[in-house]
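# Geometric and topological summary
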Amino acid sequence: MTVHPADYVDAAGAPPRTPRPPLRWLIPSIEVTVLVVAGGLVLATALAVSANASSNLEEGATAEAVSAVKAVVHAYVDPLLSTDLLGSPDAVTAASINHQLELLTGSGSILRIKVWSPTGTVVFSDLPALRGRTFDIDADLAEALEGHVEADIGDAVADENVFELAFTTKLLEIYLPIGAEGEEPVGAYEIYQDATELEALLATTRQQIFLIVGGIGLVLLVTLYLAFHGAGRLVAELSGRLRRSETRFRSLVQNSSDLVVLLDREARMVFVSPAIERILGEPAATRSDQPVTELVHPEDAEWITALLERLAATPGSVSRGEVRMQHADGRWRWIEVVGTNLMSDPDVRGIVLNCRDVTDRRTLEEQLRHQAFHDPLTNLANRPLLIDRIEHELEGRPMESPATTAVLLLDLDDFKTVNDSLGHTAGDELLAAVADRVRAALRGRDTAARIGGDEFGILVRTGERAEVEAIAERILGSIREPIDLGDHHLTVAASMGIVYVDGRQATADELLRSADVAMYMAKARGKDRFVVFEASMHDAAVRRLRLKADLEHGLEAGQFHLLYQPIIDLASGGPVGLEALLRWNHPSWMIGPSEFVPFAEETGMIIPLGRWVLEEACRHAVALEATPAGRGLDVSVNVSAVQLARHEFPDEVAAVLKATGLDPSRLIIELTESVLLDREGAPMTSLTRLHELGIRLAIDDFGTGYSSLSYLHDLPIDILKIDISFVAALDAGREAPAVVRSIIRLAGTLGLHTIAEGIERPEQAGRLRTLGADYGQGFHFAPPLSAEELATYLRERAWSPTAAEA
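These numbers come from a predicted model, not from an experiment.

Conventions adopted
- Residues numbered from 1 in each chain as written.
- Predicted model: local features only at pLDDT ≥ 70, side-chain atom pairs only at ≥ 80, totals over all residues.
- Heavy atoms only, no water.
- Helix = DSSP H or I, 4+ residues; strand = E, 2+ residues; numbered from the N terminus.
- Buried < 20%, exposed > 50% of the residue type's maximum accessible area, 1.4 Å probe, protein only.
- Contact = heavy atoms within 4.5 Å.
- Areas by Shrake-Rupley, 256 points an atom, 1.4 Å probe, with all protein chains shown as cover.
- Core = buried A, V, L, I, M, F, W, Y, C linked by side-chain atoms within 4.5 Å.
- Axes fitted to C-alpha atoms, helices over the stretch in contact; angles between N-to-C directions.
- Parallel < 35°, antiparallel > 145°, perpendicular 65-115°, else oblique.
- Nonpolar A, V, L, I, M, F, W, Y, C, P; charged D, E, K, R; others polar.
- Phe/Tyr/Trp six-rings, centres within 6.5 Å; stacked < 30°, edge-to-face > 60°.
- Pairing = 2+ DSSP bridges.
- Patch = residues over 30% accessible without salt bridge, like charges linked within 9 Å, V, L, I, M, F, W, Y side chains within 5 Å.
- Salt bridge = Lys/Arg side-chain N within 4 Å of Asp/Glu carboxyl O.
- Lys, Arg positive; Asp, Glu negative; His and termini not counted.
- Charge placed at Lys NZ, Arg CZ, Asp CG, Glu CD.
- Expected span 1.5 Å × (residues − 1).
- Left-handed = near helix turned anticlockwise from the far one by under 90°.
- Polar contact = N/O pair within 3.5 Å; in protein donor to acceptor, adjacent residues only side chain to side chain.
- pLDDT = per-residue confidence, 0-100.

## Concerning the overall build of the protein chain
Looking only at helices and strands, the protein chain has 25 helices and 25 strands in total. Counting across all 806 residues of the protein chain, residues that qualify as buried make up 46%. For the protein chain, the proportion of contacts with a sequence separation of at least 24, taken over those separated by at least 6, is 62%. When the accessible surface of the protein chain is split by element, carbon and sulfur atoms take 55% of a total near 40100 Å².

As structure tokens, this is what we get:
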């Protein structure tokens, strides 16, 4: 079907409108064009005016913010910085600067502050995570490092603001060079402030100007007036905020823990912060307009004057140091002072002193210095300090000096026995008591030191050698005086070596080694004495070193053997037991037990050596049991206090008895009286356990040591061995028989047996038998015998009344 125009009607029945040419309505008329052009001009004008005004406002606000921030950091941060400090700050100063930066950000107007070095390292910052980190230097930072001030408002989401993401969406970034004007900057500040509110205000201003210009484009003057009126209001508001910010910073200074002092050109205090009351205990008003020299110690006045002269000579310079300032209570406090010349700063025009109380730090440093060079137990000097004193004496001493300088080395005799018996606490108390006596015996110019264990070193400066030796005897005499350690009443002694500093070149270590050689020589000569070093003693020291190595090798090489001395029943004359005696077949020289056994105790070799002796003696006793002449003989073994001090010793003895098959009742363990010093320590525990095994215990050389007779009834002792010195003196007078008789009666009262040692004549044997002694041993009956000689002795020994009388 064909449709004609006449047939086309709308839904209401109205005739159709004539159709418009296609797209005709899109072609603008002149009026629209003028309107659009005029609107565009107005719009462009409004945009240009609003953008220009906003830009001007932003620049003005930014410049004012930069000025305020610059004044703050120059006044309160610059004084703490220097070129050297930005390169390698010490921990204390770094902590002080970082703390100051944290205080600035704590005020709220600054969100972040960084101090950059020229190498791109964040040296200081309020944020610990940034300190010490190195970043690429961006364009703004590069400009600041070249001496230019840069400021810009940016988004907080930029890569460089990864540590400020949580602060705000808009940041005012300010870059300031560090250093005096006209000089190459030593670093740069990077400071962030919250620009969100500023940006919002600028956006509002742009919108207002745009609407005003667009709405009333024909009244441009009015619009501009209103725009600048709004801008002025914004500037005033920003200025007010900056003034409030300055007030906050001023409050920060007023309430800072550091004392801030501003000096004029005459070094008079024109401003003193309230922190003076906390640091020095007096109000700020009492010091206002006074010379700063009246604040410091008289001895430091010259130093502070020189400091101020150096600062005044160079604008912008910084100098630091420590002086004493008097507290209101009369005490002198150590104050760290950092001075900065801000005479050229129109906002300051003076020298600023930042003062911090460092008394506690100085006290701690003195304590640490004392601890580093003193022994904590005795409070004497330690080895490093003694060596330093000796070397200082050697450096200042002429080759041909009439004065006498000597180094003394003192070592307590048998200290290990006391330490093992009474415990380490008692040993420490003994060392402290000896140190007090050594200190009291010296003069003020002498130096005493504890150089390790129970060794003491002494440096003596005097005129004559006789005086040195008199001092040595005075020290030894004071140590011999009885010492009370709780319930124990001890008498100790010491051995001392003396070396004199002669014209030869020597070091402190060489002198101490020589004194050590002389000291060991004093021990070898009987202890409780001093010996002066001689060059020939060096050979003895070499022998001692060789002895240590030979002792270890000797046991492995089978150089040790046992001799056996029979123990005789004085009533019947028959042998009842044997004492095992250790001997060393040294390949190079003759060496007796009195020399190598103490050394074995010192080195700890007595442990394997003593076990070998015990095993060998028990094994031989079991072998004798198979012979008619050796059946039923007991065997005695000497045991060191070092062995008894070990908790494992009773178990080791039990293991030896089990391995060899010896009846425990046939084993006698001999110990010295010194072991009985500690009645509650490890040695006493070992004795109790040994006695419980069925082993008999004997006190060797009874009557010559430390024990008290009143202790015997409480101790697990079975036998008392009368010392050879009492036996040898039986015919010398009445005193010796009385002592022997007392020992024999005491043993009888306590149910103990007695063995007399060192019987060499028949008269002594008869006298002891008359006094009631049970057993005896000595050359009168038989010398120490080898295993083969002992077998022959036992076979040939006649059990007859005649032999008994012998």
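The structure having been displayed, the exposition proceeds.
## What to know about the nonpolar core
In terms of nonpolar packing, the biggest core is built from 74 residues, with Leu667, Leu720 and Leu768 touching the most fellow members. When residues in this core are grouped by element, the largest group, eight residues, is from helix 17 (residues 606-625). With sequence-adjacent residues up to four places away left out, leucine 720 is seen in contact with Ile699, Phe702, Leu712, Ile743, Ala747, Leu752, His753, Thr754 and Ile755. Leu410, Leu430, Ala441 and Ala494 belong to the second-largest nonpolar core, a separate cluster that totals 35 residues.

## With respect to the environment of leucine 127
Considering the arrangement of structural elements, one finds leucine 127 in the loop between strand 2 (122-125) and helix 4 (139-145). Distance from leucine 127 to asparagine 98, taken between C-alpha atoms, is 8.4 Å for residues 29 residues apart in sequence. With near-sequence residues (within four places) excluded, leucine 127 lies in contact with Arg112 and Phe163.

## What to know about the packing of helix 10 (residues 383-396) against helix 14 (residues 508-524)
Packing of helix 10 against helix 14 leaves a shortest axis separation of 9 Å and a crossing angle of 110 degrees. In terms of axis orientation, helix 10 runs roughly perpendicular to helix 14. Between helix 10, through Arg383, Leu386, Ile387, Ile390, Glu391 and Leu394, and helix 14, the contact on the second element is made entirely by Ala508, Asp509, Leu511 and Leu512. Of the residues contributing to the contact of helix 10 with helix 14, the split by class is seven nonpolar, no polar and three charged.

## Some points on unusual backbone geometry
Phi is positive for asparagine 379, which is not a glycine, with a value near 65 degrees. Residue position: asparagine 379 is located in the loop between helix 9 (359-372) and helix 10.

## Focus: the packing of aromatic side chains
Applying the stated criterion to the full structure yields four aromatic pairs. A ring pair is formed by phenylalanine 560 and phenylalanine 596, whose centres lie 5.7 Å apart and whose planes are at 65 degrees; its orientation type is edge-to-face. On the criterion of sequence distance, the pair formed by phenylalanine 560 in strand 18 (residues 560-569) and phenylalanine 596 in helix 16 (residues 593-603) is long-range, its members being 36 residues apart. Phenylalanine 596 carries the same exposure label as phenylalanine 560, and that label is buried. Seen from their ring centres, tryptophan 584 and phenylalanine 596 are 5.5 Å apart, and the 85 degrees between their planes marks the pair as edge-to-face. With tryptophan 584 in strand 19 (residues 575-584) and phenylalanine 596 in helix 16, the pair connects residues that are twelve residues apart, well separated along the chain. Look at tryptophan 584 and you get buried, because its relative accessible area is 5%.

## What about the sheet that holds strand 17 (residues 530-532)?
Pairing in this open sheet of five strands is mixed, and the strands run 12-13-11-16-17 from one edge to the other. Because the sheet does not close on itself, it has two edges, and the strands there are strand 12 (447-452) and strand 17. Averaged over all pairs of adjacent strands, the angle between strand axes in this sheet comes to 20 degrees, irrespective of strand direction. In the sheet, strand 16 (residues 494-500) pairs with strand 17 via three bridges, with the strands oriented parallel.

## Brief notes about a negative patch on the surface
A surface patch of negative charge is lined by Asp388, Glu391, Glu395, Asp509 and Glu510. Of all elements in the fold, only helix 10 and helix 14 reach the threshold of two or more residues within the negative patch. Summarising the element assignment, glutamate 510 is placed in helix 14.

## Remarks on the pairing of strand 6 (residues 259-263)
Within strand 6, five of the five residues are buried, which leaves it mostly tucked inside the rest of the structure. On strand 6, burial covers both faces: Leu259, Val261 and Leu263 on one face and Val260 and Leu262 on the other are all buried. As paired elements, strand 6 and strand 10 (residues 350-357) share five bridges and run antiparallel to each other. Counted as the bridge partner of valine 261 is leucine 353 from strand 10. Pairing geometry for strand 6 and strand 7 (residues 269-272), over three bridges, is antiparallel. Counterpart to leucine 263 in the pairing with strand 7 is methionine 269. From the end of strand 6 to the start of strand 7, which pair antiparallel, there are five residues, and alanine 267 there has a positive phi angle of about 65 degrees.

## Some words on the pattern of salt bridges
For the structure shown, the criterion picks out 32 salt bridges. Taking the shortest distance from any N to any O, the salt bridge between arginine 361 and glutamate 322 comes out at 2.1 Å. Linking arginine 361 in helix 9 with glutamate 322 in strand 8 (residues 318-326), this pair joins segments that are 39 residues apart in sequence. Each of Glu322, Arg361, Arg362 and Glu365 takes part in a single network of salt bridges with overlapping partners.

## A closer look at helix 12 (residues 424-441)
For helix 12, with 18 residues, the first-to-last C-alpha span of 26 Å sits near the 26 Å given by 1.5 Å per residue. Looking at helix 12, one finds that the buried residues are Ala426, Gly427, Leu430, Leu431, Ala433, Val434, Ala435, Val438 and Ala441.

## Description of the sheet that holds strand 9 (residues 332-342)
Within a sheet, each strand pairs with its neighbour through backbone hydrogen bonds, oriented either parallel or antiparallel. The five strands lie next to each other as 7-6-10-9-8, forming an open sheet whose pairing is antiparallel. Only two strands of the sheet have a single neighbouring strand rather than two, namely strand 7 and strand 8. Within this sheet the neighbouring strands show an average axis-to-axis angle of 25 degrees, counted without direction. Seen against the sheet, helix 8 (residues 301-313) touches strand 6, strand 8, strand 9 and strand 10 and runs at an angle of roughly 155 degrees to strand 8.

## Let's talk about the packing of helix 17 against helix 19 (residues 649-660)
A pair of packed helices can be characterised by two numbers: the angle between their axes and the separation between those axes. Running from amino to carboxyl end, helix 17 crosses helix 19 at an angle of 30 degrees, the nearest separation of the two axes being 9 Å. Relative to helix 19, the element helix 17 lies roughly parallel. Helix-helix and strand crossings are classified by hand; for helix 17 and helix 19 the assignment is right-handed. Every residue of helix 19 that contacts helix 17 at Arg611, Leu614, Glu615, Cys618, Arg619 and Val622 is listed here: Glu652, Val653, Val656, Leu657 and Thr660.

## Quick word on the side chain of aspartate 700
Within the fold, aspartate 700 resides in strand 22 (residues 696-702). Among buried Asp, Glu, Lys and Arg side chains, aspartate 700 stands out as unpaired, with lysine 721 the closest opposite charge at 4.5 Å. When neighbours within four sequence positions are excluded, aspartate 700 is seen to be in contact with Asn638, Glu670, Leu671, Thr672, Glu673, Lys721 and Glu757.

## Concerning the environment of glutamine 326
Inspection of the secondary structure puts glutamine 326 in strand 8. On the basis of relative accessibility, which here comes to 35%, the residue glutamine 326 falls in the partly exposed class. Residues glutamine 326 and histidine 297, 29 residues apart in the sequence, show an inter-C-alpha distance of 6.9 Å. The contact partners of glutamine 326, leaving out residues within four places of it in the chain, are Leu280, Leu295, Arg331 and Trp332. Engagement of the side chain of glutamine 326 in a polar contact is seen with the backbone oxygen of glycine 330, the distance being 3.3 Å.

## Considerations on helix 14
Its 17 residues give helix 14 an end-to-end C-alpha distance of 24 Å, which sits within 8% of 24 Å, the value for a rise of 1.5 Å per residue. Of the residues making up helix 14, those classed as buried are Ala508, Leu511, Leu512, Ser514, Ala515, Val517, Ala518, Met519, Met521, Ala522 and Lys523. Downstream of helix 14 by a residue or two, glycine 526 has a phi angle that is positive, lying close to 120 degrees.

## Remarks on the confidence of the model for the protein chain
The predicted model of the protein chain has a mean per-residue pLDDT of 81, with 83% of residues at 70 or higher. Predicted confidence for residues 1-19 stays below pLDDT 50, and this span has four contacts to residues more than four positions away or in other chains. In this model, residues 798-806 is a region of pLDDT below 50 whose contacts with residues beyond four sequence positions or in other chains number eleven contacts.

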